[in-house]
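Working through the structure, step by step
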Amino acid sequence: MVDALREANTASQSERRETLLTPRFYTTDFEALAKLDISAMEADFEAMLAEFQADYNREHFQRDERFVQQAHQIDPQWRALMLEFLERSCTSEFSGFLLYKEISRRLKATNPLLAECFKAMSRDEARHAGFLNKAMGDYHLGLDLSNLAKQKKYTFFKPKFIFYATYLSEKIGYWRYIAIFRHLERHPENCIHPLFDYFKNWCQDENRHGDFFGLILKSQTELLKGPINRLWVRFFLLSFCLTMYLNDRKPRNLYSALGLDASHYAMEVLRQTNLDSGKVFPLILDLDNPRFVRDLDRCADLNLQLEALLGKSLLARLPVLVALGTAIARLFLLKPVAPPAPEMVR
Ligand SMILES: [Fe+2]
Ligand SMILES: [Fe+2]
């Protein structure tokens, strides 16, 4: 037991090492955000706010006795992976909470409708982060969230990039959670933690958040027009795709504990998110192109090689870095495709 906890602690601490794949905290140009003109789609934002204020998941996140029981019963081989998942998810939910809360505060006077929407989303993310942190507490390993907020470095993104990134991250969150939920519904014997039972309603929060950012992007038509913006959209789509695929393709991952094939799961989530993003973005990635999948796999392999060389000299890592850079460049240069007609998307 002590060994398992130590192992979990070590895994958790090593995860805290900042890498490109670590969840980040963001800040933005709040003054520019406050000037956002949403008058052309005000009725849609009013409807969105009514959805948020209905607060469908107000009573959803109630813990039961299975959480504590499970903390003692979990197979030691999955314990560290579960903790890693909890810590990572809690950090990104908390990162959303901080950003949305700050935006809501700064927009209160100038743009109350948007401010209220952000306030409702920060309420949801606080709930999600708190729920995950309590699940970590069952292992006596909760995160000190107020300290995390002070110590983390904040990455500045201008509003346009915040919208691209949050839109994608909310949508990818939705597709990840619903895919896990549906899989465990078919294979309840693989449900190693009661947390996953909450994903069905939980992911609807993320879906609504994604729809909200989709609405913002649609209301600011200039953000999606022109060759430069098209390049940025490609860049963000690819960054999210790589981050998820490279993380999920690690040899030992939570998905194997859940009885999922990690590559297949990651590809399915990426396909759905990519198609879904076509409802807003003017282009999507050509994920059906075998060249794309081949280069994506190559990136994941090279990333693993790079991790194995951690602590080695730059010279030792250089060939792998160059190969990884080349594979990423090839992915970026692969021509995107036009989104399918809305009726073709599930
Ligand atoms: Fe969330
Ligand atoms: Fe969210």
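A quick note: this is a predicted structure, and the numbers were derived from the prediction, not measured.

**Quick word on the overall build of the chain**
Counting its secondary structure elements, the chain contains 14 helices and two strands. Relative to the 2.2 N^0.38 estimate, which gives 20 Å for 346 residues, the radius of gyration of the chain is 20 Å and therefore close to what a compact globule would have. The contacts in the chain between residues at least 6 apart in sequence include a share of 79% that link residues at least 24 apart.

**Focus on helix H10 (residues 227-248)**
With 22 residues, H10 ought to run about 32 Å at 1.5 Å a step, and its terminal C-alpha atoms sit 32 Å apart, in line with that. Looking at the buried positions of H10, the neighbouring elements they touch are helix H8 (159-186), helix H11 (254-257), helix H12 (262-277), helix H13 (290-308) and helix H14 (314-333).

**A short note on the domain arrangement of the chain**
Domain boundaries in the chain define domain 1 (1-223) and domain 2 (224-339). Here the C-alpha centroids of domain 1 and domain 2 sit 22 Å apart. Facing the 26 residues of domain 1 at the interface are 27 residues of domain 2. For the side of domain 1 that touches domain 2, the leading source of residues is H8, giving twelve residues. For the side of domain 1 that touches domain 2, the per-class residue count stands at 17 nonpolar, five polar and four charged.

**So, the environment of Lys225**
Among the secondary structure elements, Lys225 is positioned in the loop between helix H9 (199-219) and H10. Residue Lys225 is classed as exposed on the basis of its 11 C-beta neighbours within 10 Å.

**Quick notes on the confidence of the model for the chain**
Across the chain, pLDDT averages 90, with 92% of residues at or above 70. A low-confidence stretch, residues 1-20 (pLDDT under 50), is modelled with 19 contacts involving residues beyond four sequence positions or located in other chains.

**Section: the packing of H13 against H14**
Between H13 and H14, the shortest axis-to-axis distance is 9 Å and the interhelical angle comes to 155°. Relative to H14, H13 is oriented roughly antiparallel. As for how H13 packs across H14, the hand of that crossing is left-handed. Residues Phe292, Asp295, Leu296, Arg298, Cys299, Leu302, Asn303, Gln305 and Leu306 of H13 form the contact with H14, whose participating residues are Arg317, Val320, Leu321, Ala323, Leu324, Ala327, Ile328, Arg330 and Leu331. Broken down by class, the residue content of the contact of H13 with H14 amounts to twelve nonpolar, two polar and four charged.

**A short note on the packing of H10 against H12**
Look at H10 against H12: their axes get within 9 Å of each other, and the N-to-C directions meet at 165°. Classified by the angle between their axes, H10 and H12 sit roughly antiparallel to one another. Like other packed secondary-structure pairs, H10 and H12 cross with a definite hand, here right-handed. From H10, Leu237, Cys241, Met244, Tyr245 and Asp248 reach across to H12, where they touch Ala262, Tyr265, Ala266, Val269, Leu270, Asn274 and Ser277. In the contact of H10 with H12, the residues fall into nine nonpolar, two polar and one charged.

**Some points on H13**
Its 19 residues give H13 an end-to-end C-alpha distance of 27 Å, which sits within 8% of 27 Å, the value for a rise of 1.5 Å per residue. Those residues of H13 not exposed but buried are Asp295, Leu296, Cys299, Ala300, Leu302 and Asn303. On an axial view of H13, the arc spanned by its buried residues comes to 170°, and they lie on one face. Turned more than 90 degrees away from the buried face of H13 sit Pro290 and Ala308, all of them exposed. At its buried positions, H13 is contacted by H10 and H14.

**Focus: the environment of Ser169**
As for its placement among the helices and strands, Ser169 is situated in helix H8. Accessibility expressed as a C-beta count within 10 Å gives 23 for Ser169, which makes it buried. Separated by 73 residues in the primary sequence, Ser169 and Gly96 place their C-alpha atoms 9.8 Å from one another.

**Focus: the nonpolar core**
Nonpolar side chains tend toward joint burial in soluble globular proteins. Grouped together as the largest cluster of nonpolar side chains are 76 residues, with contacts concentrated most on Met82, Leu86, Cys117, Cys241, Met244, Tyr245 and Cys299. Ranked by residue count, the leading element in this core is helix H5 (residues 76-107), at 14 residues. Two domains share this core, each providing at least three of its residues, namely domain 1 (1-223) and domain 2 (224-339). Apart from the residues within four sequence positions on either side, Cys299 is in contact with Leu242, Leu246, Leu324, Ala327 and Ile328.

**Some points on unusual backbone geometry**
Phi is positive for Asp55, which is not a glycine, with a value near 50°. Here Asp55 lies in the loop between helix H3 (42-54) and helix H4 (66-73). Of note in this structure, His140 is not a glycine but carries a positive phi near 60°. Within the fold, His140 resides in the loop between helix H6 (112-137) and helix H7 (145-151).

What counts and how
Residues numbered from 1 in each chain as written. Chains lettered and ligands numbered in written order. Predicted model: local features only at pLDDT ≥ 70, side-chain atom pairs only at ≥ 80, totals over all residues. Helix = DSSP H or I, 4+ residues; strand = E, 2+ residues; numbered from the N terminus. Rg over C-alpha atoms; globule rule 2.2 N^0.38 Å. Contact = placed C-beta atoms within 7 Å. Expected span 1.5 Å × (residues − 1). Domains from an automatic or database assignment. Nonpolar A, V, L, I, M, F, W, Y, C, P; charged D, E, K, R; others polar. Buried ≥ 20, exposed ≤ 12 C-beta atoms within 10 Å, placed from the backbone. pLDDT = per-residue confidence, 0-100. Axes fitted to C-alpha atoms, helices over the stretch in contact; angles between N-to-C directions. Parallel < 35°, antiparallel > 145°, perpendicular 65-115°, else oblique. Left-handed = near helix turned anticlockwise from the far one by under 90°. Arc of directions from axis to C-beta. Core = buried A, V, L, I, M, F, W, Y, C linked by C-beta atoms within 7 Å.

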